[in-house]
Amino acid sequence: PQGHGEPWCNGDCMWSGTMCVSQDTGSRVDCGGHYASSCEFCPQGNGEAWCNGGECMWTGNMCIDKNSAVNCGGSYAVSCAACPQGHGELWCNGDCM
């Protein structure tokens with residue numbers, strides 16, 4: 001769109017939320033109501049509300065791919081090292097130890 005917004009987003013692309021993304025489903029993710037090139041771009045400044053389903057989930061104040069998340073035992077994170085989130089070993093369960 002080169003700063004021209006939705007009217008300039010066409011052809012192989014489509015407007016989703018506030019972004020122009022590929023119509024090729026293999027090169028975009030479902031954010032739960034709109035699409036982005038990756039989960040990290042789902043929020044578009046709107047935080048958790050725009051990372052609410054589809055292939056992505058909100059955890060640790062970021063939007064991540066559900067398939068790459070680890071189960072901390074009651075919460076999810078990008079890695080086991082991120083599970084405690086300052087709460088110590090009590091938050092390190094599930095897939096992690």
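A brief report on the enclosed structure follows. (Residues numbered from 1 in each chain as written. Predicted model: local features only at pLDDT ≥ 70, side-chain atom pairs only at ≥ 80, totals over all residues. Heavy atoms only, no water.)

### What to know about the nonpolar core
Here's step 1: Within the largest apolar cluster, eight residues are counted, these being Val29, Cys31, Ala36, Cys39, Cys42, Cys51, Cys56 and Cys63.
Here's step 2: The residues contacting Cys63, other than those within four sequence positions of it, are Cys39, Glu40, Cys42, Pro43, Cys51, Cys56, Met57 and Trp58.
Here's step 3: One finds Val70, Ala77, Cys83 and Cys96 within the second-largest nonpolar core, a separate group that totals six residues. (Core = buried A, V, L, I, M, F, W, Y, C linked by side-chain atoms within 4.5 Å. Buried < 20%, exposed > 50% of the residue type's maximum accessible area, 1.4 Å probe, protein only. Contact = heavy atoms within 4.5 Å.)

### Comments concerning the pairing of strand 1 (residues 13–16)
Here's step 1: Relative to strand 2 (residues 19–22), strand 1 is paired through four bridges, and the arrangement is antiparallel. When the bridges of strand 2 are listed, Cys13 appears paired with Ser22.
Here's step 2: Linking strand 1 back to strand 2 in an antiparallel pair, the connection comprises two residues, with Gly17 at a positive phi of about 65°. (Pairing = 2+ DSSP bridges. Helix = DSSP H or I, 4+ residues; strand = E, 2+ residues; numbered from the N terminus.)

### Thoughts on the state of the cysteines
Here's step 1: Using the criterion set out here, one finds five disulfides in the structure.
Here's step 2: Each sulfur of the disulfide joining Cys31 and Cys42 lies 2.0 Å from the other. Disulfide Cys31-Cys42: the torsion about the S-S bond is -75°, which places it as left-handed. Within this pair, whereas Cys31 is found in the loop between strand 3 (29–30) and strand 4 (35–36), its partner Cys42 is found in the loop between strand 4 and strand 5 (56–59), the two being separated by 11 residues in sequence.
Here's step 3: Looking at Cys31, the relative accessible area reads 0%, which means it is buried. (Disulfide = S-S within 2.5 Å.)

### Brief notes about the environment of Met97
Here's step 1: In this structure, Met97 sits in the segment after strand 8 (76–77).
Here's step 2: Overall, the relative accessible area of 95% leaves Met97 in the exposed class.

### Examining the environment of Ala36
Here's step 1: Positionally, Ala36 belongs in strand 4.
Here's step 2: You can call Ala36 buried: its relative accessible area is 0%.
Here's step 3: Once residues within four sequence positions are removed from consideration, Ala36 is found in contact with Val21, Arg28, Val29, Cys31, Phe41 and Cys42.

### Focus on the pairing of strand 5
Here's step 1: Relative to strand 6 (residues 62–65), strand 5 is paired through four bridges, and the arrangement is antiparallel. Considered in strand 6, the bridge of Met57 is made with Ile64.
Here's step 2: Linking strand 5 to strand 6, which pair antiparallel, is a turn of two residues; within it Gly60 sits at a positive phi near 60°.

Any functional reading would require information that these geometric values do not contain.
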